[in-house]
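What follows is each chain in one-letter form.
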Amino acid sequence: MSETSMPKEEGLDHSLAFLREGYEFILHRRKSFQSNIFETTLLGKKAICIGGRKGAELFYDPDKFIRAGAAPNRLVKTLFGEGAVQTLDGERHRNRKGMFMSIMTRTQLQKLDQLIQREWEKASKQWEQADQINLYEESQYILMRAACAWAGVPLDDEQKRTEQMRHLFESPAALGPDYWQGRTSRSGADQWIADLVQQVRNGELHPVREGALYVFSWHRDSDGELLPEKVAAVEVLNIIRPIVAISIFIAFSALALHQFPQEKGRLQKGDGSIHRFVQEVRRFYPFFPAAIAKVKEDFHWEGYRFQEGMLTLLDIYGNNHDPHLWEQPDLFQPDRFLDWDESPFDFIPQGGGDFHMGHRCAGEWVTIQVMEVSVDFLVNRLQYKVPNQDLSYSHTSMPTMPKSQMILTDIQKVIS
Ligand code: HEM
């Protein structure tokens, strides 16, 4: 087989450039190399960056890539937690992923829908008395209360636990004290849930049987054993933490409603317009820059050689903004989803491929649903003003969000 040499970025290490260019690091180079694949060096290691529809399809082939040992330690120690599904491969991954997908039933999603609506109702009553609210922060409390009720987790100290969840997803790329805050919150939150798992197993706590706390406490791994308490805790947090992180998408949704008022005027319940709006928010605004894996064993693809153990990054942000996949990708146009072909490899804000066999986000349906309920509430149930504030968002801080976190004033509930 003839081998083609992969476009390669010269220089010793490009980690600083990654921090400087953030979400656009891979896309910039895909454009300048005129190639959906290139080699670079990150954190002192050779790494392949890959994008495009075919690139994503390759990345999600479980025979070609593995996750064990791929993610940087700081991600595992804050965002994921030790022993999480994100770091598993093969049969162990399939078994654990099955555990997650088993709670994503239609009935369970409807239950979450109701919990989220109830929390929006309760919170917004209080906002009417306030001079202003910070939507990013407030929505975290809404999401935390709903997520814990859905998972069957008794919420002991609402403020402390909600802040812990925020630290877990804000800290992975942070420096100094903010990063260490994430590490402290990870140990505190793991211990909190591990104690609850123990109580469930001892028969001292009886959470709802369909919720994550009960299901994960009694789940048996591929070797037939119950999960270690700490691992079950990490996985329950793999439900609660990302639900709270939807606050970033809620802040971006409010930003989009403000910046594109013509789109806001078109949103109606029941005609699919809110769904398309939510899809476009997930495509347009940055969240995760890339997914990361390692080459399982040597192979060739399109003439390029992939060497066992090489780190490989899939360009999540770049595929959502790839001009070969989207017409005018830098315009906010929800109607582009009217004739989208539903390829699992071009629109990948939460990863691509198959939910069960691969590492695609287990909570994508949850995310879409929670966003739809929230956008409907913002558009049809609330009136508010968006005062002058810094609505810009960085393309380099990860995760990013509107700098002012969306301050709203003059809030009134619409009587239906
Ligand atoms: C807030 C918006 C969310 C974003 C942007 C997001 C994004 C992602 C991404 C990029 C991945 C990795 C895909 C890969 O490695 O190939 C992922 C995995 C995962 N997500 Fe999400 N996610 C979100 C919400 C959620 C929610 C609400 C849940 C749970 C209710 C969830 C649970 C998970 C789990 C368990 C995994 C690991 C799946 C596996 O490794 O097989 N996520 N998510």
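So, here is what we can say about the structure in this document. Just so you know, these numbers come straight off a predicted model, no measurement behind them. (Residues numbered from 1 in each chain as written. Predicted model: local features only at pLDDT ≥ 70, side-chain atom pairs only at ≥ 80, totals over all residues. Heavy atoms only, no water.)

## Thoughts on the overall build of the protein
From N to C terminus, the protein includes 15 helices and ten strands. Over its C-alpha atoms the protein spans a radius of gyration of 21 Å, differing by no more than 12% from the 22 Å that the globule rule assigns to 416 residues. Along the longest, intermediate and shortest principal axes, the C-alpha atoms of the protein span 70 × 55 × 40 Å. Looking at the protein as a whole, 56% of its 416 residues are labelled buried. The contacts in the protein between residues at least 6 apart in sequence include a share of 72% that link residues at least 24 apart. Put simply, the protein shows about 18500 Å² of open surface, and 49% of that area lies on carbon and sulfur atoms. One finds the centroid of the 48 positive side-chain charges in the protein at a distance of 2 Å from the centroid of its 57 negative side-chain charges. (Helix = DSSP H or I, 4+ residues; strand = E, 2+ residues; numbered from the N terminus. Rg over C-alpha atoms; globule rule 2.2 N^0.38 Å. Buried < 20%, exposed > 50% of the residue type's maximum accessible area, 1.4 Å probe, protein only. Contact = heavy atoms within 4.5 Å. Areas by Shrake-Rupley, 256 points an atom, 1.4 Å probe, with all protein chains shown as cover. Lys, Arg positive; Asp, Glu negative; His and termini not counted. Charge placed at Lys NZ, Arg CZ, Asp CG, Glu CD.)

## Comments concerning the site of the ligand
For the ligand, the set of nearby residues contains 29 residues, the closest of which are Y60, R67, H93, H359 and C361. Residue R67 places a side-chain N or O atom 2.7 Å away from an oxygen atom belonging to the ligand. Contact distances for the ligand include 2.6 Å between an oxygen atom and a side-chain N or O atom of H359. If you list the elements that add at least two residues to the shell around the ligand, you get helix 5 (90–102), helix 11 (229–259) and helix 15 (364–381). (Near = heavy atom within 4 Å. Polar contact = N/O pair within 3.5 Å; in protein donor to acceptor, adjacent residues only side chain to side chain.)

## A few points about the pairing of strand 10 (residues 407–413)
The side chains of a regular strand alternate between both faces of the sheet. Burial within strand 10 is extensive, with five of its seven residues counted as buried. Sheet topology note: the strand 4 (residues 132–134)/strand 10 ladder contains three bridges and is antiparallel. For N134, the partnering residue across the bridge sits in strand 10 and is I407. With three bridges joining them, strand 9 (residues 382–385) and strand 10 adopt antiparallel strand pairing. (Pairing = 2+ DSSP bridges.)

## Description of the packing of aromatic side chains
By the definition in use, this model includes 30 aromatic pairs. Ring geometry for F252 versus Y393: centroids 5.2 Å apart, planes at 80°, classification edge-to-face. One end of the pair, F252, is in helix 11; the other, Y393, is in the loop between strand 9 and strand 10, and 141 residues separate them in sequence. Here F252 and Y393 have matching classes, each one buried. The structure contains a cluster of three or more aromatic residues connected by ring pairs, namely F252, F260, F277, F284, Y285, F332 and Y393. (Phe/Tyr/Trp six-rings, centres within 6.5 Å; stacked < 30°, edge-to-face > 60°.)

## Some words on the sheet that holds strand 1 (residues 37–42)
Read across the sheet, five strands follow the order 1-2-8-5-3 without closing on themselves; strand pairing throughout is mixed. Every interior strand has two partners, whereas the edge strands, strand 1 and strand 3 (65–66), have only one. Judged from the two bridges that link them, strand 3 and strand 5 (residues 290–295) form a sheet pairing that is antiparallel. Bridge pairing in strand 5 links F65 to V295. The strands touched by helix 2 (residues 25–33) within the sheet are strand 1, strand 2 (45–50), strand 5 and strand 8 (311–315), with strand 1 carrying the most contacts at an inclination of about 130°. Lying over the sheet, helix 3 (residues 52–59) contacts strand 2, strand 3, strand 5 and strand 8, oriented at roughly 135° with respect to strand 8. (Axes fitted to C-alpha atoms, helices over the stretch in contact; angles between N-to-C directions.)

## Some remarks on unusual backbone geometry
In the segment running from M398 into P399, the intervening peptide bond is cis, with an omega of 0°. Residue placement: P399 occurs in the loop between strand 9 and strand 10. Phi is positive for L43, close to 45°, though the residue is something other than glycine. Counting through the fold element by element, L43 comes out in the loop between strand 1 and strand 2. Despite not being glycine, D410 shows a phi value in the positive range, around 50°. Position of D410 relative to the elements: it lies in strand 10.

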